[in-house]
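Inside the fold
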Amino acid sequence: MEQNRESQQPTAFPPAYPTPQQPYYPPSPVARPGRWLRLRRTIRLLLRRLLYGAAVLGRALRPYAAFIFVIVALLGVIGWMSFMLWGPKESPPAFSRAESLPPTSAIESFIRGQQNFNADVMWEAFSSDYQAQQLASGASKATLQSRANSERSMGLKYVHYDYIGGIQANSGSMYFYSVDLTLQNQRGRFPIVFIADADGKITEIDSPLTRLGQSSGGQ
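Residues numbered from 1 in each chain as written. Predicted model: local features only at pLDDT ≥ 70, side-chain atom pairs only at ≥ 80, totals over all residues. Heavy atoms only, no water.

1. Some details on helix α6 (residues 128-136)
- Inspection of α6 places Tyr130, Gln131 and Gln134 among the buried residues, and these make up the whole buried set. The buried residues of α6 occupy an angular sector of 100 degrees when the element is viewed end-on, so they sit on one face. Structural note: α6 exposes Ser128, Asp129, Leu135 and Ala136 on the side pointing more than 90 degrees away from its buried face.
- Lining the buried residues of α6 we find α5 (119-124) and β4 (202-206).
- After α6 finishes, the residue glycine 138 shows a positive phi value of roughly 95 degrees. (Buried < 20%, exposed > 50% of the residue type's maximum accessible area, 1.4 Å probe, protein only. Helix = DSSP H or I, 4+ residues; strand = E, 2+ residues; numbered from the N terminus. Arc of directions from axis to C-beta. Contact = heavy atoms within 4.5 Å.)

Next up, the structure:
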């Protein structure tokens, strides 16, 4: 019986210890895509949808492709013609006309002497410096009259002079004319440029007629 009592005594258990807890680590924050990444994704999505829509629209319009091509070509031609008619045009170049000077009395006297083949009047219209240049080159009033007589004998006529205008030059002024000539049955128009000094006297004459005369031994 005593053995049974001893066997019925409660079994001793070791003391229970608390289970150790694992340390808590908060989850790492989710990395948000950057601005340029979002922009690339958005553009890529738009392009895909655009291509998809174009493919669907192309399949729907394929039976009318020739008609659409003709319409687009006509619209292009109309647009191009409208631009050529009403589009912006290049502005014209700026142009300012110089104030024209009236001809001097010496030049008008020379013209009258040339029309009348009078070398005295023409010679007096020259400045003293121009007269000296003529004399130094072998020309004189007599050679000027000889040339005038030769022109008259050939039938040359100074019919009409048109005054174009005059401008101020560095040491004087320049005057532009055109002259109508007749020689027998022929008619022509030639330019003449008179250069005058401050007193209005002629210091130089530039014309195909004077260059021809100088090459042939005239004034």
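Once the structure has been displayed, the description carries forward.
2. Considering the packing of aromatic side chains
- Summed over all chains, the structure comprises eight aromatic pairs.
- Ring geometry for phenylalanine 110 versus phenylalanine 126: centroids 5.8 Å apart, planes at 35 degrees, classification tilted. In this pair, phenylalanine 110 sits in helix α4 (residues 105-116) while phenylalanine 126 sits in the loop between α5 and α6, placing the two residues 16 residues apart along the sequence. For the pair phenylalanine 110 and phenylalanine 126, one class covers both residues: buried.
- Look at tyrosine 163 and tyrosine 177: their rings are 4.9 Å apart centre to centre, the planes differ by 50 degrees, and that puts the pair in the tilted class. (Phe/Tyr/Trp six-rings, centres within 6.5 Å; stacked < 30°, edge-to-face > 60°.)

3. Regarding the sheet that holds strand β2 (residues 173-183)
- Taking strand neighbours across the sheet as the criterion, the four strands line up as β1-β2-β3-β4 in an open arrangement whose pairing is antiparallel. Sheet topology places β1 (156-168) and β4 at the edges, where each strand pairs with a single neighbour. Strand after strand, the sheet turns through a mean of 25 degrees between neighbouring axes, direction not considered.
- With 11 bridges joining them, β1 and β2 adopt antiparallel strand pairing. By the bridge assignment, glutamine 168 is partnered in β2 with serine 173. (Pairing = 2+ DSSP bridges. Axes fitted to C-alpha atoms, helices over the stretch in contact; angles between N-to-C directions.)

4. Regarding the nonpolar core
- Among the nonpolar cores identified, the biggest contains 26 residues, and Phe110, Phe126, Tyr158, Tyr177, Phe194, Ile202 and Ile205 are the most heavily contacted of them.
- Secondary-structure elements contributing two or more residues to this core are α4, α5, α7 (141-154), β1, β2, β3 (186-196) and β4. (Core = buried A, V, L, I, M, F, W, Y, C linked by side-chain atoms within 4.5 Å.)

5. Concerning a nonpolar patch on the surface
- Among the surface-exposed residues, Leu57, Leu61, Tyr64, Phe67, Ile68, Phe69, Val70, Ile71, Val72, Leu74, Leu75 and Ile78 lie close enough to one another that they form a single nonpolar patch of about 1200 Å² accessible area.
- Taken together, the elements giving at least two residues each to the nonpolar patch come down to α2 (35-61) and α3 (65-86).
- At nine residues, α3 tops the list of elements feeding residues into the nonpolar patch.
- Structurally, valine 72 is set in helix α3.
- On the basis of relative accessibility, which here comes to 52%, the residue valine 72 falls in the exposed class. (Patch = residues over 30% accessible without salt bridge, like charges linked within 9 Å, V, L, I, M, F, W, Y side chains within 5 Å. Areas by Shrake-Rupley, 256 points an atom, 1.4 Å probe, with all protein chains shown as cover. Salt bridge = Lys/Arg side-chain N within 4 Å of Asp/Glu carboxyl O.)

6. Some thoughts on the pairing of β2
- Burial within β2 is extensive, with eight of its 11 residues counted as buried.
- Direction of pairing for β2 relative to β3: antiparallel, over a ladder of 11 bridges. By the bridge assignment for β3, tyrosine 175 is matched with phenylalanine 194.
- Hairpin connection, β2 to β3: the antiparallel pair is bridged by two residues, and glutamine 184 has positive phi, about 60 degrees.

7. Topic: a positive patch on the surface
- Taken together, Arg40, Arg41, Arg44 and Arg48 make up a surface patch of like positive charges.
- For arginine 41, the location among the structural elements is in helix α2.
- Using a relative accessible area of 47% as the deciding quantity, one classes arginine 41 as partly exposed. (Lys, Arg positive; Asp, Glu negative; His and termini not counted. Charge placed at Lys NZ, Arg CZ, Asp CG, Glu CD.)

8. Considerations on the side chain of glutamate 151
- Topologically, glutamate 151 is positioned in helix α7.
- For glutamate 151, a relative accessible area of 11% gives the class buried.
- Beyond its immediate stretch of four places on either side in the chain, glutamate 151 contacts Phe117, Leu156 and Tyr158.

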